[in-house]
Amino acid sequence: MGSYIPSTPAERREMLSAVGVSSFQELYRDVPEEMYRPDLDLPEGKSELEVARILTALAGKNRAFPTVLRGAGAYDHYIPSIVKYIPAKEEFLTAYTPYQAEMSQGILQSIFEYQTMICRLTGMDVSNASVYDGATAAAEAAAMCRDRKRRVTLISAAAHPDTIQTVKTYCYAAGEAVEVIPEKDGKTDLAALEAMLTPEVASVYIQQPNFYGQLEDVEKIGEAVHQAGAMYILGCNPIALAILQTPREAGADIAVGEGQPLGMPLSYGGPYLGFMATTAKYMRKLPGRIVGQTVDAAGARAYVLSLQAREQHIRREKASSNICSNEALCALTAGLYMAAMGPAGMEKAAKQSMAKAHYLAEKLRALPGVELVYSGPFFHEFVTTLPHTAEVLSALEEAGILGGLPIAGGVLWCATEKVPKAELDRAVEIVKEVLGRWS
Amino acid sequence: MNYPVDYKYTRSHEWLRDDGDVAIVGISDYAQDALGDVVFVNLPAVGDTVIAGESFGDVESVKAVSDLISPVTGVVCQVNTALEDAPESLNEDPYGAWIIQVEDVTDCEDLMNAEDYQAFCEQEG
Amino acid sequence: MELIFEKSVPGRGTEYLPACDVPEVSLPEGLSRKAPPKLPELSETDVSRHYTQLCQRVYGVNCGFYPLGSCTMKYNPRIDEEMAALPGFTGIHPLAPEGATQGCREVLATARRLLCEITGMADMTFQPAAGAHGEFTGVLLIKQYHDARGDRKRCKILVPDSAHGTNPATAAMCGYQIVNIPSGPDGCVDLEALKAALGEDTAGLMLTNPNTLGLFDRNILEITRLVHGAGGLCYYDGANLNAVMGLARPGDMGFDCVHLNLHKTFATPHGGGGPGGGAVGCKEFLKAYLPKSRLMDGGDGIQVRSFAGNFLVVVKALAYLLTLGKEGVPQAAENAVLNANYLLARLKERYTPAYDGLCMHEFVLDLSQLKKETGVSALDLAKTLIDYGMHPPTTYFPLIVHEALMLEPTETESKQTLDQAAEVFLNLWDLAHEDPGYMHEAPHHAQIRRPDEVRAARTPILCQPE
């Protein structure tokens, strides 16, 4: 049996007697007897070697595809080696939340740097230290926007389905109304949105690029939202932001997004991180931890968790959110990724992802029965029709390629800078071959 | 600790000064001392209704937040927005740094005069 | 230390990507950003050294004693990290087909089975990403249950006054009014106050047991019986499960749902504030209300974040559970309690516990007497400890104790570490009497002196200007 308890049996006896009890059981005298020490059905403890065998075998039951043409909220970008190694340093890994600033300057500064990078990427003034993921960032942003008179949240049907469901759940919890703006041709239906913009609407959430990969006319939507006096939340892909109009330029009041593409592996869905940034005007409404710069008693530059009076441990039931944990290590990773890639590397990843997706789309649509479902401009994801979807996808999988995601009305494909042209060509050949077999 | 006689006081440590048509509200010297360094004030907007005995905003220090309780029922006609940029004036000059002015006052809590309030504070502290 | 932006040199950088091998395309007009983001431009050497310097200014559990009450800062085994970093886990897309994700599914199923057994629950979700997120999910189970029954008058959640701030904040996020239940003189729930608060409007009770004072509420069965009698449900905040895991189960105490902090009790690292894991378990009758992923599972149930949660955190927790097993789980709890009681026994020579008697895995000291005598506050003592290479305990919590210091040594500390820590605490008691001024100014040898938090909050600088 493995154990991480250092004390020896002799030491334990010594300690028990120092406490003034004769057995462990005596320490638990307040626990009602009828519930004390149930005989739990747990496996015998194991050595490290055995545990490593078991988990390695479990990992072996998965299949990691060398080529991934599937996104839908989790993106397979290249992660520089240094981005994998630094966050594994034990100090970063095992530290608590940096409440003791005097011994946590490293984490605090890393978060301050992350906040700054997110601000520069989004064009916003203030970022928090991250939240759980992109979907919760959207839900927290919607909560930020509600005031006494405006309570309703609108979210585009073209947003990520998990984001829509999470926002709906947070609104259900708070007893607040949420409505889904219909989509038209794979984009948010602007006319429908305009009709929904009543004086009760607090905020509108639009995703850019949206779930179908389409680029929304975010500026025009923003004008309509602001004209109606509501707040505008944009959900962004952080890699796309290296080249795409910033949320600030598009008129957003709050920018949020899934930070996974910034150096986090796919990991079956997590840990990821949600980023949240806003304008100076809404600084004090931003939930979650925020690091601020100040000076210490000797006048030296220092960092602290700041604006804490917004948070649950002080404001308790009056806090706007219960959030306390952020995803600090993921924020460190994201900051590190942006620092390693630099503006040029980020731009390259964005441009190549877009170019490869367009190349794949062109090649696929040349095949019989495969058509682009939506005609608008897209970033690195697109939807096609695909006859014999199941057969095509399983043929791709056999060849080590995770194909697009089947969704209502077609298949949602994605390409990133990580996939070489030869792999894209090979994927298209396989699709062609399967379709040929069936026609 | 300073307890000026031309003010009236609540048990939650706000002061009220009757200025003819309007009632002026702030926090007492005792309150600012108990809070410590004030770092932010959440203010209501002009036109908001305040109700006697209910919160109309709050004051934040680094590690605490304290509700501001209105001594009167009425309509906010002026807000001291200078506090947004200089919350420290609540510490430096609690009786000068008013927070809101209220008109159309219809109801007022039972308030203490300076002498009673001083006794109340000395008992609390 | 310089900020990373201050080390940036225009034009510097490392090539991580090959040249583009397909035709380039450009964004439609008007959709490009006006200027590239001002991210730092550095060589890999610069990046490596910068983060190494930051790393040297971080204090982790691997650096030394971390008796941070309520946070269960136990040792985080390296094997758990190695397992979670296997490409067979990190390389799996959450929407990969079922046949390609059998290992992930088995990890979740096994962890679910073991943790349900430990908590006495019937089912469990791993979607919540942290403790507070788990609370939110748990209270939503209660809300859905009442809603499904059309029982809409239940608008109140009861929370003891010793609770973590997240409890009332969570209940408020779920649209409930909060009723604070005062603690009795013994530090536990005041039964009479509880009875008085219960009624037809009670949706549920949120309780941590052992509570934040480190006391196991011996009336627990009576408490949950009373709440059920009024038609409410009982939610177990698993923040303090480390004291009783394998020895007493929330399900047996009468709780209907529970959240666990995988990053406390099950040894996954805190990462400087996350990622955590806030698994939520429930009894059979609440199973239908557990969150799902719209995209992975379909359906229209509640969902609290995307996909299946912080999967890699579950891998780590599973590695830990498999290592400890049937004997190791209760042994960890017992030794956590022993270590806390031993440290308490040593500190009692000088310090006053907030509640006398035995404690569970943590205890609270009340320093109000010391403050009266010397002017040295709990904060001063905490800051002085930093100079002695120790992470300070939790200060000023729970709120019902003045000048509170809350210590939780955990089971992974040796007797020698506890003895050394006790010596430091006892010496500081003397120092407080001899030279309080020194302690007011502490720390003296840390990375920084005390930061000006007032200035940080009054004139916030939250981002480095371009």
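Please read all numbers here as calculations on a predicted model, not as lab measurements.

Digging into the overall build of chain C
Thinking step 1. The secondary structure content of chain C amounts to 16 helices and ten strands.
Thinking step 2. A compact globule built from 466 residues would reach a C-alpha radius of gyration of about 23 Å, and chain C, at 25 Å, matches this within 12%.
Thinking step 3. Principal-axis analysis of the C-alpha atoms gives chain C an extent of 75 × 65 × 45 Å.
Thinking step 4. In chain C, which comprises 466 residues, the proportion classed as buried is 62%.

Brief notes about the overall build of chain A
Thinking step 1. Across its full length, chain A holds 14 helices and 16 strands.
Thinking step 2. Across the 439 residues of chain A, 63% fall into the buried class.
Thinking step 3. For chain A, contacts bridging at least 24 residues in sequence account for 74% of all contacts bridging at least 6.

Describing the domain arrangement of chain A
Residue and element names in this part refer to chain A.
Thinking step 1. Examined at the domain level, chain A breaks down into domain 1 (67-78 + 343-438) and domain 2 (81-336).
Thinking step 2. Summarising the inter-unit geometry, the C-alpha centres of domain 1 and domain 2 are found 29 Å apart.
Thinking step 3. Residue-level contacts link 23 residues of domain 1 with 20 residues of domain 2.
Thinking step 4. Contributing elements (two or more residues each) for the side of domain 1 that touches domain 2: helix H12 (328-365) and strand S13 (381-384).
Thinking step 5. Across the side of domain 1 that touches domain 2, the residue classes tally to 13 nonpolar, six polar and four charged.

Some points on the packing of helix H4 (residues 102-119) of chain C against helix H11 (residues 311-347) of chain C
All names here are of chain C.
Thinking step 1. Contact geometry for H4 and H11: axes closest at 9 Å, N-to-C directions at 45°. The angle between H4 and H11 places the two elements in the oblique class. Judged by the sense of rotation from one axis to the other, the crossing of H4 with H11 is left-handed. Only Phe-311, Val-314, Val-315, Ala-317, Leu-318, Leu-321 and Val-329 of H11 make contact with H4, whose side of the interface consists of Cys-104, Val-107, Leu-108, Thr-110, Ala-111, Leu-114 and Ile-118.
Thinking step 2. Looking at the contact of H4 with H11 residue by residue, the classes come out as 13 nonpolar, one polar and no charged.

Structural notes on the interface of chain A and chain C
Thinking step 1. With 170 residues of chain A in contact, the opposing surface of chain C contributes 171 residues.
Thinking step 2. Among the elements that take part in the side of chain A that touches chain C, H12 of chain A stands out by supplying 23 residues, more than any other.
Thinking step 3. Of the residues in the side of chain A that touches chain C, the class split is 92 nonpolar, 45 polar and 33 charged.

Section: the pairing of strand S10 (residues 404-407) of chain C
Residues and elements named next belong to chain C.
Thinking step 1. Residues Ala-404 and Met-406 of S10 are buried on one face, and the alternating residues Leu-405 and Leu-407, pointing to the opposite face, are buried as well.
Thinking step 2. Two strands pair when backbone bridges link them, and strand S9 (residues 394-395) and S10 are joined in this way by two bridges, in the antiparallel orientation. Of the residues in S10, the one forming a bridge with Thr-394 is Met-406.

Some details on the domain arrangement of chain C
Thinking step 1. Domain boundaries assigned for chain C yield domain 1 (1-57) and domain 2 (78-321).
Thinking step 2. Of note, the centres of domain 1 of chain C and domain 2 of chain C, computed from C-alpha atoms alone, are 41 Å apart.

Some details on the nonpolar core
Thinking step 1. Of all hydrophobic cores here, the largest spans 352 residues; its most connected members are Ala-142 and Ile-233 of chain A together with Val-314 and Val-315 of chain C.
Thinking step 2. Among the elements that take part in this core, H11 of chain C stands out by supplying 23 residues, more than any other.
Thinking step 3. When residues no more than four places from it in sequence are discounted, the contact partners of Val-314 of chain C are Val-107, Leu-108, Ala-111, Phe-126, Leu-262 and Gly-277 of chain C.

Some words on the environment of Val-373 of chain A
Residue and element names in this part refer to chain A.
Thinking step 1. By the element assignment, Val-373 lies in the loop between H12 and S13.
Thinking step 2. According to the C-beta neighbour criterion, Val-373 is partly exposed, with 18 such atoms within 10 Å.
Thinking step 3. It is 9.2 Å that separates the C-alpha atoms of Val-373 and Val-411, two residues lying 38 residues apart in sequence.

Observations regarding the interface of chain C and chain B
Quite often, the size of an interface is put as the accessible area lost when its parts meet.
Thinking step 1. Taken together, the contact pairs four residues of chain C with six residues of chain B.
Thinking step 2. Of the residues that constitute the side of chain C that touches chain B, the class distribution is two nonpolar, no polar and two charged.

Overview of the sheet that holds strand S4 (residues 202-208) of chain C
Residues and elements named next belong to chain C.
Thinking step 1. Strand order in the open sheet formed by seven strands is S1-S7-S6-S5-S4-S2-S3, and the pairing between neighbours is mixed. Edge positions in the sheet fall to strand S1 (123-125) and strand S3 (177-181), since each has one partner strand and no second. Across this sheet, the average inter-strand angle for adjacent strands is 20°, counted without regard to direction.
Thinking step 2. In this sheet, strand S5 (residues 233-237) lies alongside S4 in parallel orientation, the contact comprising five bridges. Each residue of the ladder has a partner; that of Met-206, found in S5, is Tyr-235.

A closer look at unusual backbone geometry
Thinking step 1. That bond from Gly-270 of chain A to Pro-271 of chain A is cis: its omega, 5°, falls within 30 degrees of zero.
Thinking step 2. With respect to the secondary-structure elements, Pro-271 of chain A resides in the loop between strand S9 (254-258) and strand S10 (274-278).
Thinking step 3. The residue Ala-72 of chain A is not glycine, and still its phi comes out positive at about 55°.
Thinking step 4. Of note in the backbone geometry, Tyr-396 of chain C takes a positive phi value of approximately 55° without being a glycine.
Thinking step 5. Structurally, the position occupied by Tyr-396 of chain C is in the loop between S9 and S10.
Thinking step 6. Its 17 C-beta neighbours within 10 Å are what place Tyr-396 of chain C among the partly exposed residues.

A look at helix H6 (residues 166-173) of chain C
Thinking step 1. Among the eight residues of H6 of chain C, eight are classified as buried, and the element is accordingly described as predominantly covered.
Thinking step 2. The positive-phi residue at the C-terminal boundary of H6 of chain C is Gly-175 of chain C, with phi of around 80°.

Section: helix H3 (residues 48-60) of chain A
Thinking step 1. The first and last C-alpha atoms of H3 of chain A sit 18 Å apart over 13 residues, in line with the 18 Å expected at 1.5 Å per residue.
Thinking step 2. When we look at burial in H3 of chain A, the residues that qualify are Val-51, Leu-55, Leu-58 and Ala-59 of chain A. On an axial view of H3 of chain A, the arc spanned by its buried residues comes to 100°, and they lie on one face. Turned more than 90 degrees from where H3 of chain A packs its buried face, Leu-49, Arg-53, Ala-57 and Gly-60 of chain A sit exposed.
Thinking step 3. For H3 of chain A, the elements touching its buried residues are helix H2 (78-84), helix H3 (87-90), H4 and H11 of chain C.

Quick notes on the packing of H3 of chain A against H11 of chain C
Thinking step 1. With their axes 9 Å apart at the nearest point, H3 of chain A and H11 of chain C run at an angle of 140° to one another. The orientation of H3 of chain A with respect to H11 of chain C, classified from their angle, is oblique. Judged by the sense of rotation from one axis to the other, the crossing of H3 of chain A with H11 of chain C is right-handed. Between H3 of chain A and H11 of chain C, the residues in contact are Glu-48, Val-51, Ile-54 and Leu-55 of chain A and Val-315, Ala-319, Leu-322 and Thr-323 of chain C, respectively.
Thinking step 2. When grouped by side-chain class, the residues that make up the contact of H3 of chain A with H11 of chain C number six nonpolar, one polar and one charged.

So, the pairing of strand S7 (residues 65-69) of chain B
Residue and element names in this part refer to chain B.
Thinking step 1. Sheet topology places strand S6 (residues 55-61) next to S7; five bridges connect them, and they run antiparallel. Among the inter-strand pairings, Asp-58 is bridged to a residue of S7, identified as Asp-67.
Thinking step 2. Taken together, S6 and the strand that follows it, S7, pair antiparallel across an intervening segment of three residues.

A closer look at the sheet that holds strand S4 (residues 178-181) of chain A
Residue and element names in this part refer to chain A.
Thinking step 1. Across the sheet, which stays open at both edges, the seven strands sit in the order S2-S10-S9-S8-S7-S3-S4 with mixed pairing between neighbours. The two strands at the open ends of the sheet, each matched to only one other strand, are strand S2 (126-127) and S4.
Thinking step 2. Here four bridges tie strand S3 (residues 152-156) to S4, and the two strands are oriented parallel to one another. Opposite Ile-155, over in S4, you have Val-180 as the bridge partner.
Thinking step 3. Each of S3, strand S7 (201-208), strand S8 (231-236), S9 and S10 is contacted by helix H7 (residues 134-145), which is oriented at about 160° to S9, the strand it contacts most.

Concerning the environment of Val-424 of chain C
Thinking step 1. Within the secondary structure, Val-424 of chain C is located in helix H14 (residues 415-434).
Thinking step 2. C-alpha of Val-424 of chain C to C-alpha of Tyr-320 of chain C: the two residues are 104 residues apart in sequence and 32 Å apart in space.

Comments concerning the environment of Ile-181 of chain C
Residue and element names in this part refer to chain C.
Thinking step 1. Within the fold, Ile-181 resides in strand S3.
Thinking step 2. Owing to 22 C-beta atoms within 10 Å, Ile-181 belongs among the buried residues under this scheme.
Thinking step 3. Each residue touching Ile-181, except ones within four places of it in the same chain, is listed here: Leu-158, Val-159, Pro-160, Asp-161, Val-189, Asp-190, Ala-193, Leu-194 and Ala-197.

Rules of the game
- Residues numbered from 1 in each chain as written.
- Chains lettered and ligands numbered in written order.
- Predicted model: local features only at pLDDT ≥ 70, side-chain atom pairs only at ≥ 80, totals over all residues.
- Helix = DSSP H or I, 4+ residues; strand = E, 2+ residues; numbered from the N terminus.
- Rg over C-alpha atoms; globule rule 2.2 N^0.38 Å.
- Buried ≥ 20, exposed ≤ 12 C-beta atoms within 10 Å, placed from the backbone.
- Contact = placed C-beta atoms within 7 Å.
- Domains from an automatic or database assignment.
- Nonpolar A, V, L, I, M, F, W, Y, C, P; charged D, E, K, R; others polar.
- Axes fitted to C-alpha atoms, helices over the stretch in contact; angles between N-to-C directions.
- Parallel < 35°, antiparallel > 145°, perpendicular 65-115°, else oblique.
- Left-handed = near helix turned anticlockwise from the far one by under 90°.
- Pairing = 2+ DSSP bridges.
- Core = buried A, V, L, I, M, F, W, Y, C linked by C-beta atoms within 7 Å.
- Expected span 1.5 Å × (residues − 1).
- Arc of directions from axis to C-beta.

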